[in-house]
Amino acid sequence: QVQLVESGGGLVQAGGSLRLSCAASGRTFSNYYMGWFRQAPGKEREFVARISWSGGNTRYADSVAGRFTISRDNAKNTVYLQMNSLKPEDTAVYYCAAPSGPYYNANGPSEYAYWGQGTQVTVSS
């Protein structure tokens, strides 16, 4: 089992920044790809970013590329999402997630087995 706890959400004005954190416990965090997803009211959960187990490979949704940065600190069992130049359309509950096994490069939400409880991000115009 992998337990995930997000923090860092809040209310910010458009153009502002937030940094989300996801603390992991349980299995060997450093062997897992990690992902960030978000879900806005009335919409499906969507991919935001993911990072390889070593941190050397990252991928972003087109909607956040160039504004968001995913990173990780394996010594602290934590993955981060730095969000800059926030827009009202970034408003959502943000979730971190881990796939079912180590070294597994999961794609869509269905391939992630472990989820945090989510943290609300609200961007005002």
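Because the structure is predicted, anything quoted here is derived from the model rather than measured.

Reading the values: the criteria
Residues numbered from 1 in each chain as written. Predicted model: local features only at pLDDT ≥ 70, side-chain atom pairs only at ≥ 80, totals over all residues. Heavy atoms only, no water. Helix = DSSP H or I, 4+ residues; strand = E, 2+ residues; numbered from the N terminus. Rg over C-alpha atoms; globule rule 2.2 N^0.38 Å. Buried < 20%, exposed > 50% of the residue type's maximum accessible area, 1.4 Å probe, protein only. Contact = heavy atoms within 4.5 Å. Lys, Arg positive; Asp, Glu negative; His and termini not counted. Charge placed at Lys NZ, Arg CZ, Asp CG, Glu CD. Disulfide = S-S within 2.5 Å. Core = buried A, V, L, I, M, F, W, Y, C linked by side-chain atoms within 4.5 Å.

Enquirer: I'd like to hear about the overall build of the chain, residue by residue, with values.
Expert: Of the regular secondary structure elements, the chain holds 0 helices and 11 strands. Helices (α) and strands (β) of the chain occur, in sequence order from the N terminus, as β-β-β-β-β-β-β-β-β-β-β. In terms of overall dimensions, the chain is globule-like: its C-alpha atoms have a radius of gyration of 13 Å, near the 14 Å expected for 125 residues. For the chain, the C-alpha atoms occupy an extent of roughly 40 × 30 × 25 Å along the three principal directions. The 125 residues of the chain split such that 43% are buried. For the chain, the share of sequence-separated contacts (at least 6 apart) that also reach a separation of at least 24 residues comes to 58%. Taken as two groups, the 11 positive and 8 negative side-chain charges of the chain have centres that lie 5 Å from each other.

Enquirer: Got a sec to walk through the state of the cysteines? Specific residues and values, please.
Expert: Joining two cysteines, a disulfide is a covalent bond between their sulfur atoms. Scanning the entire structure with this criterion turns up 1 disulfide. In this model Cys22 forms its disulfide with Cys96; the gap between the sulfur atoms is 1.9 Å. Its S-S torsion of approximately 50° makes the covalent link between Cys22 and Cys96 right-handed. Here Cys22, found in strand β3 (residues 18-26), pairs with Cys96, found in strand β9 (residues 92-99); they are 74 residues apart in sequence, far enough to count as distant. Each member of the pair, Cys22 together with Cys96, is buried.

Enquirer: Quick one: what's the story with the nonpolar core, residue by residue and with numbers?
Expert: Ranked by size, the top nonpolar core spans 35 residues in total, and within it Leu4, Met34, Trp36, Leu81, Met83 and Tyr94 carry the most contacts. With 5 residues, β9 is the single largest residue contributor to this core.

On their own, these measurements won't tell you what the molecule is for.
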